[in-house]
Structure formats: structure tokens, C-alpha cells
Amino acid sequence: MSTDPQSPGRVVLDVNGVGKSFPGVRALSDVTMRVHSGEVVAFVGENGAGKSTLLKILCGDYQLDDGEVQIDGIVASHASPLEARNAGFRLVRQEPEIVPDLSVAENIFIGEYPTTGFGRVSFDAMRNQTQELLERYGFATMIDVNTLGGALSPAQMHIVEIIRALKPGVKVIAFDEPTSSLTSRETEALFALIGILKREGLGVIYVSHRLHEIMEIADRVLVVKDGVPTGDLAIGDTDEEGIVRLMVGRELEHGVQRTETTRDDVVLEVKNLSSRWHRDISFQIRAGEILGFGGLVGAGRTELAKVLFGEYPKSGGEVRISGETKLIRRPADAIAANIGFAPENRKSEGLILVRSVLENASMAVFNKLSRLGVLHGQQMRATVEPYIHQLEIKTPSLDQDVGKLSGGNQQKVVLARWLAAGPKLLILDEPTRAVDVGAKAEIYRLIDELAKQGLAIMLISSEMPELLSMSDRIMVMRDGEIIGPIEKADATEELIVGHAIGGAAA
């Protein structure tokens, strides 16, 4: 997919010596990046390295302090997001901006609705143009133009965000963690789309923590550490280990060597569970076991987690914790039953970003720390601090707004909350989504340690290496049903994908 390095296209984006400071922090220093037409440049670094700051400068959210940005040879001040769009820069954000009460077509054309000759919105034209875009870029089978935004899965929201960016006038498009909620099939469709964009002469910036994707999709890679560039290399001149060294300044262990920690006692037993999304689901998780759940987006994995945690209702079946039947109709019932849940979208479902680390980490034990409805700050700190230290959460203080932490540290705050609650079962839905390689390795070690301590863990993951390396057994979900279990010794990517798409026998 790479362009010929000997004959690059014209420079469509020229970032020259860009710097940016915030009170007490130098976020970027002398960053230079050039993107040619028909070229994919990966932009990588740990959380907090400055990637988001540069993207926000390019899309007009922030103003640079030093340096210059040119798009297609024209100096671009990007004083606002509108100016950035008019100059030809588009950003596909990590967290899609979707209006829940508007259809897919309306979300894609929001602010740019096609009209009739009488100035009225032409909904037929809008739906037809949306369908044409979905077909052109390979997403037509994955999303319906009439679906309301509030009914979309995280993966479908990303597709809407991508299609919205592909409007006339785009010259440079940046993808910020585009596959964080996509399955392998959807990722393949995205890569095929990027191939089309290259052939059409667009410049592409690709931001991802998934280094294997960068090695597959990028022509060059720009690495930053603490806001300073540490390498600008042709992808053929480096490898994943070389990129990691430039990112973190050290070698990283690959994954975790899981040890056999499963005990005989069954913590979770689900018998014949049914819901709007599921049919006759039955499985067990034992103490010390990590039971992985694979499958395509829409197979029912996240919905199963939310049924078990009481966010969604079940219509039949039984849930037992340590042999005792539990009636779970709301999250408070799940917490009382010693179930913890770290959701896929930590920013909108797992955390209150404008509240402190202390408040977020204490939420599951508020009832234990309050008296007559009043929370006691000293008790909250005494309860939470040991887990902040255990998980090595990097925060200036417990009073820091959790929204200002890196993605990896935000995920650790969610885990700290459940450790403080002392669950028997911990449900982890995409626990390393949009987390950098260093924090990912730390989270893997933490999950392994929790299993060693006897915690039963339900691990939902779309990352095949994560699922294969961390799980003791694997269940595959397809159309609301379970196929499995697959024992660790028998698990392969081909077998899991085959079950997920219906190409392998159960």
C-alpha cells in the first residue's frame, strides 16, 4: 500500500517548527512534519506525548505559539475549526461527535444539508448521497442511512465520523485512534478506504497505539516523546521495537505470560440467560480465571456485560454469584452482588471527567463512606490512596480532574474504583482501548495479578493478540449466542474469526 519513496507527491501539509505551551507545561517543541499527497504518515507517542495537541492545532481547536503550518503551499492560521475545514484539513476524532436524535444521513451532512430549489432540505438527496458515500468507501453493509445516532454502536459512530470528513475540498485527513472500537473486518474496510484516499491524492495522518497497524498502513512514522520529535523514519527502515524505543526510551515486554491460577470454585454461573439481544446464554467463570469473549461488533458482547451489571434487563435465565442466585435489575444490585464493570467507553460511561480522581475512584463505595448522606473526605482518601499507589496512577493529586489524565491513567482510575469495592467478578470491556503501549503492558500485568489473587475476570476484547494471550478460555459470540468455550491450547485467530463470522463449526 506504500507509495514509492523515490517519487513522493506534492507537499499537502507542512508543519514547520511548531510549539505550544500551557501554564506550567511545554506541550510541543519544534515539531516538524511533512505529508505528501498519496502518503500515510503515522504519528505516534505515549499518552501525553503531544499528539492530541498537534491535532488540535491543525483542526483549529488550539492556536500555535511558534512555527508555521501550510496546507498545499498556503499558510494556514487555523484560527477556528471552520477555517481549518475550509483550508482542507479534516480530523476523524477518537470520540465521535454524534447527535443521537438525528439519522446517520443527517449526522453526516449536519450543517451542510442539500436543499431543493425552494431552499428546503432534500432528505431524499441526503439519503441517496450518504448511501453513495457508504458504497464508495466500503461501509454500506455495516450501517443503515436511516438509523438514529443514539442507536449506533461505537464502531458505527466511527464510520459516520469518517464519512462526514470525506467531503469536497479535503486535502489532508487525520485519523485519531480510528480502529479502537472496530473489529478486524471493519479495520480491513478502513484500510481499504485509506488505500482509496491515497490513490485520490490525499495526505493521511494516522494516529494509533497499535503498532502492527502502523507497520501495515503507513509510509513513514513520526515519533514524539514529551512534545519533542525523536524520529522521522520511512516505515521500511524501522520495526515495532525500534518505534517503541523512540517512544518510551526503553524496551517493553510483549504481553504477559499467563500462569495457571484457576481454582475450582465457580464465581459466576449464567444459566439460559435471554434478553432483547441474547438467546439461551450459559457459561461459568471460576475464581482466578480470565474468560475471554470475542466476536464481531453487534454480536452482543457489550450488551451481555450490561445485562450482567444491571444496565440492561434480562427476559429469562439465572445469574448466580458463588452459588447464590442474584436478582440484578440495576447497577446497585450488581455492586451489592460483588460485580464490578469497566465499560468500553470509559469517558462517557465509566468516568465523570469534570470530577476528581478521588471522587471517581470512590464511586462504588460511596454508600460505605457516607453517614447520613454526607461523604467523609478523609475516609475516601484512606480507602482510595492504596490503590492509586498500587496501580501507579500518574496524577498531581487526588483532587485532579480525571479528564486531564492520560487514557491509560483514566483506565487505571476505573480499575481502582472496583479494587476499592472488593468484587468477586470484574467485567472488563475493551480494557486497553486507546491506551499507549507502555500503559497497555502495565494493565496486562495488573489483570494477571488480579487473577492470581483469585478474582474472576470476564474479558471482552476485539484485539486478537490480547484475547489470545490473556484468556484462559475463550467464548465467541455471534448473533446473540455463545460458541465455545475454546481452551487456550486450541485457540487460534483463524478459529475465533471463523466462529465469529459463521465459517467454522461450533
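Residues numbered from 1 in each chain as written. Predicted model: local features only at pLDDT ≥ 70, side-chain atom pairs only at ≥ 80, totals over all residues. Heavy atoms only, no water.

1. A few points about a nonpolar patch on the surface
Quick reminder of the rule: The patch calculation keeps residues exceeding 30% relative accessible area without a salt bridge and links them within 9 Å when they carry like charges or within 5 Å when they are nonpolar (Val, Leu, Ile, Met, Phe, Trp, Tyr). For every accessible area listed, the method is Shrake-Rupley and the probe measures 1.4 Å; residues are considered covered only by the protein chains on display. The working definition used for a salt bridge is a side-chain nitrogen of Lys or Arg within 4 Å of a carboxyl oxygen of Asp or Glu. Runs of E in the DSSP output that reach at least two residues are strands. Runs of H or I that reach at least four are helices, and both are numbered from the N terminus. Under the scheme applied here, a residue whose accessible area is under 20% of the maximum for its type counts as buried, over 50% as exposed, and between as partly exposed, the area being computed with a 1.4 Å probe on protein chains only.
A grouping of Ile352, Leu353 and Val354 is seen on the molecular surface, where their side chains present a nonpolar patch of about 250 Å² in accessible area. Examined against the element boundaries, Val354 turns out to sit in the loop between helix H11 (346-350) and helix H12 (357-362). You can call Val354 exposed: its relative accessible area is 66%.

2. Some thoughts on unusual backbone geometry
Going from Gly484 to Pro485, the amide bond is cis rather than trans, its omega being 10°. A positive phi angle, close to 55°, is found at Asn272, a residue other than glycine. Residue classification places Asn272 among the partly exposed positions, given a relative accessible area of 43%. Even without being a glycine, Asp280 presents a positive backbone phi close to 50°. With respect to the helices and strands, the residue Asp280 is situated in the loop between strand S11 (266-275) and strand S12 (281-286).

3. Details of the sheet that holds strand S2 (residues 25-36)
Quick reminder of the rule: Any two strands with at least two DSSP bridges between them are considered paired. Note on contacts: a residue pair is in contact if any heavy atoms of the two residues lie within 4.5 Å. Axis definition: a line fitted to C-alpha atoms, limited for helices to the stretch in contact. Angles are taken between N-to-C directions and run from 0 to 180 degrees.
A sheet is described by the order of its strands in space; here four strands give the open sequence S2-S1-S4-S5, paired in antiparallel fashion. The sheet is open, and its two edges are formed by S2 and strand S5 (74-75), each paired on a single side. Sheet topology note: the strand S1 (residues 11-22)/S2 ladder contains eight bridges and is antiparallel. Bridge assignment links Phe22 to a residue of S2, and that residue is Val25. The sheet contacts of helix H1 (residues 51-58) involve S1, S2 and strand S4 (66-71), and relative to S1 the element is tilted by about 115°.

4. So, the packing of aromatic side chains
Stated formally: In this analysis, rings of Phe, Tyr and Trp, with Trp reduced to its six-membered ring, are considered paired at centre separations within 6.5 Å, and the interplanar angle assigns stacked below 30 degrees, edge-to-face beyond 60, and tilted for intermediate values.
Applying the stated criterion to the full structure yields five aromatic pairs. For the ring pair Phe191 and Tyr206, a centre distance of 6.3 Å and an interplane angle of 70° mean the geometry is edge-to-face. Taken as a pair, Phe191 in helix H6 (residues 184-199) and Tyr206 in strand S8 (residues 203-207) lie far apart in primary sequence, 15 residues in all. When its relative accessible area of 0% is taken as the criterion, Tyr206 is described as buried. Grouping aromatic residues by their ring pairs yields a cluster made of Phe309, Phe341 and Trp418.

5. Focus: the nonpolar core
The condition that has to hold: The criterion is simple. A nonpolar core is a set of buried Ala, Val, Leu, Ile, Met, Phe, Trp, Tyr and Cys residues joined through side-chain atoms within 4.5 Å.
Core analysis: the largest hydrophobic core is formed by 67 residues, its most contacted members being Leu268, Phe283, Phe293, Leu304, Leu308, Ile339 and Leu425. Among all residues touching Leu308, those that are not within four sequence positions of it are Leu268, Val270, Leu273, Phe283, Val319, Ile328, Ala334, Ile339, Ile427 and Met458. In terms of nonpolar packing, the next biggest core, distinct from the first, is built from 49 residues, Tyr137, Phe175, Ile214 and Ile235 among them.

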